[in-house]
Each structure stands twice: as structure tokens, then as C-alpha cells.
Amino acid sequence: MMDNITEAFKQLQKLMLDEEVIPIAGSSNAVNALGLVVFSIAFGLVVGNMKQQGRPLKEFFDCLNEAIMRLVAIIIWYAPIGILFLIAGKIMEMQDLTVMGGQLGMYTVTVIVGLLIHALVVLPLLYFIVTRKNPWVFIGGILQALITALGTSSSSATLPITFKCLEENNGVDKHVTRFVLPVGATINMDGTALYEALAAIFIAQVNNYDLNFGQIITISITATAASIGAAGIPQAGLVTMVIVLTSVGLPTEDITLIIAVDWFLDRLRTTTNVLGDSVGAGIVEHLSRHELHRSDAEVGNSVIEENEKPYQLICQEHENQKQLDSETMM
């Protein structure tokens, strides 16, 4: 009996002393998350094409999604306590807080510099190359939307201000803004994609995990794909970060390392997202300007024709009435 207890304690001590093993690339704890995402997309497309036959399965997943959403709503109330203990646990595991603080500071600076290069160099240059117009005048017209994005940290909440700035200040056609901006607020997350790629590389460096060129390409592609599915709400990138980390086998629990600075970086990447949406709308409006003029001309002609029809009918009625009156007099 004592021998069994001693053996059990030895096994427990061995498990506690084992070093964390980083999973192989493309999986997390033997689960291929990226493959699971691809399978889910393909499965959803097949079920959607089954129409009436796939309705029971669709209703099952709808009910499952509703149940999970209600469960998540309950968990959210306890999330601050959980995050507190997650961060506290990571702090206790750190051997040198000064070194970790310096690494986190360099990570923050790197993300800020990357977002500034994308927002102040890449996007204005792209706008100038396509439209041959001054990009800074265009950006000045959406300054109110950028400040709102910086304050709210939500591209969806900034959408009404973005509509107003583009249509009133920059003169972008409503046909373009009403289509491009809602789509851009949903899938165009260029700032989030850049942020998630840098965060994954930072977590790899913290764990002394060397990434090869293929894994860096995988991170870039996965971050771009994951950012498309990110909601336009504050700190939604932390959720899709799990997909990016599991694509190269990095520990997902290390996301807690960047929570301390994510509230600030989230505002900057949201501002970059809104700027990207606005520049995209400006480019689309420039490329489709001939079609827009043609459409406006056709609408104008149809309105004129419609306005002329009642007048002609009234004139005909008056002429007919005059003929009847003259016949009656005779």
C-alpha cells in the first residue's frame, strides 16, 4: 500500500517538473486547428447546398450556437476574475520581470511602428498611385472618423461617422460608401492582421521557439484569414489570435502576456482599419467613376420622363374636355 502511494507521488512530482513541450507546427495539443477551420468551412458550404435535406442539421447547429452564446454570456461575467489569475500566474512564472517588461515594451513599439508605416506610407501611396490625388487631403477629410475610431476602439461603432466624413467632406458617392464601408468594417482588418502576426512572433520569441521561413509565411497567411473573421468590436483580435498561434504550434495561454497592452494597441489598429476602409472606398469610387456618371445620367433621364408623363396626361385631358364642351355648344 505504501509502495503504491510512494509511486503515485513520484509520478505526480515527475509530471509537475516536466517542461512545457511546444507542439509541432500546425497543431496545438495534437489538434490541427487550421485543418479544423478548413473542414468547418467546407462542411458549412455542403450543408447550405443541401437546402431542404440539410435543414435539420442546420437547425441543430443554430440551436447549438444559441446555447453556446448563452453560456458565453454567463462566462463573461466571471472573465475579469479569470484574466486576473491568468496574468498573476504568468507573472509568478517569470524569472525576471525587468527582462519581460523590456520585451513587452519593444513589442509595443514594434506594433506601433508597423501600424504607422502601413497607415502613413503604404495606404497613402496606394491611394496616390491609383487616383493621382493628394492622399493627405483625403485623410484630412476623415479625421473625425479616425479620432472616433481611436476613442471607441470599434470600426462598427465608427461606421456612421465614416459615412458622414466620406460623403460630405470627400464627396464620395453614396453608392460606393453604402457598399464598401459595411463590407470593409466586417472583413477588411489590415491593422488586426499586422498586429496578430507580430504578436505570434513575439510569443514565439518569449518561448525561445525559432520560427523558420515557412512558419512565418504560415503566420502571415493565417493572420490575414483570421482577421477577416474578427468582429468589429473592441479586442476581438484576441479571439482570432488563438487560430494564428495554433497554426504554428505556439501555446495559446501566452496570450495573457499581451493583454496588459492590448487595450492601447487595439485602438491604434482600429484606427488603421478605418483608414484602410476609407481609402478603399476612395479608390473604388475613382475606378468606377465612369459607371457612376452613366448611372446618374440614366437615373436623371428616367426621373425627367416620369415628371413629364403627368403633365402630358393633364394636357390631353384638358384638350379632350375642350372638344367635349365645343360639341355640346354646337
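We now turn to the structure provided with this report.

1. Regarding unusual backbone geometry
- Positive phi, normally seen in glycine, also occurs at Arg 132, with a value near 60°.
- Summarising the element assignment, Arg 132 is placed in the loop between α4 (97-131) and α5 (135-141).
- In this structure Arg 132 comes out as exposed when scored by relative accessible area, which is 60%.
- A positive phi angle is found at Asn 208, which is not glycine, with a value near 55°.
- On the secondary structure map, Asn 208 appears in the loop between α9 (190-206) and α10 (213-228).

2. Let's talk about a nonpolar patch on the surface
- Taken together, the side chains of Leu 36, Phe 39, Phe 43, Leu 57, Phe 60, Phe 61, Leu 64, Ile 68, Met 69, Val 72 and Ile 76 define a hydrophobic patch exposed on the protein surface, amounting to about 990 Å² of accessible area.
- Secondary structure elements with two or more residues in the nonpolar patch: α2 (33-49) and α3 (55-93).
- Top contributing element to the nonpolar patch by residue count: α3, with eight residues.
- Following the sequence through the fold, Met 69 ends up in helix α3.

3. Side note on the packing of α4 against helix α12 (residues 259-287)
- Interhelical geometry of α4 versus α12 gives an angle of 10° and a closest axis separation of 10 Å. Looking at the two axes, α4 sits roughly parallel to α12.
- Looking at the contact of α4 with α12 residue by residue, the classes come out as 18 nonpolar, seven polar and one charged.

4. Topic: the pattern of salt bridges
- Taken as a whole and judged by the stated rule, the model has five salt bridges.
- Asp 262 serves as the salt-bridge partner of Arg 269, at 3.2 Å between the closest nitrogen and oxygen.
- Classification of Asp 262 as buried rests on a relative accessible area of 0%.
- Salt-bridge contacts for Asp 266 lead to Arg 269; the nearest nitrogen and oxygen are separated by 3.1 Å. Placement of both Asp 266 and Arg 269 in helix α12 is noted, with a separation of three residues, approximately one turn of the helix. The two residues Asp 266 and Arg 269 agree in class, both being buried.
- One salt-bridge network, in which partners are shared between bridges, spans Asp 262, Asp 266 and Arg 269.

5. Observations regarding empty space enclosed by the protein
- Throughout the structure, instances matching the rule amount to two cavities of 30 Å³ or more.
- Every residue along the wall of the second largest cavity is listed here: Ser 155, Leu 159, Thr 162, Leu 181, Ala 185, Val 274, Asp 277 and Ser 278.
- Put simply, the parts of the chain that give the lining of the second largest cavity at least two residues each are α7 (159-169), α8 (174-187) and α12.
- A total of three residues in the lining of the second largest cavity trace back to one element, the largest contributor, which is α12.
- Looking at the lining of the second largest cavity residue by residue, the classes come out as four nonpolar, three polar and one charged.

The rules behind the values
Residues numbered from 1 in each chain as written. Predicted model: local features only at pLDDT ≥ 70, side-chain atom pairs only at ≥ 80, totals over all residues. Heavy atoms only, no water. Helix = DSSP H or I, 4+ residues; strand = E, 2+ residues; numbered from the N terminus. Buried < 20%, exposed > 50% of the residue type's maximum accessible area, 1.4 Å probe, protein only. Patch = residues over 30% accessible without salt bridge, like charges linked within 9 Å, V, L, I, M, F, W, Y side chains within 5 Å. Areas by Shrake-Rupley, 256 points an atom, 1.4 Å probe, with all protein chains shown as cover. Salt bridge = Lys/Arg side-chain N within 4 Å of Asp/Glu carboxyl O. Axes fitted to C-alpha atoms, helices over the stretch in contact; angles between N-to-C directions. Parallel < 35°, antiparallel > 145°, perpendicular 65-115°, else oblique. Nonpolar A, V, L, I, M, F, W, Y, C, P; charged D, E, K, R; others polar. 1 Å grid on protein atoms, 1.4 Å probe; cavity = no way out; pocket = protein on both sides within 12 Å on 5 of 7 lines; lining within 4 Å. Points joined across faces, edges and corners; volume = space filled by probe spheres on them.

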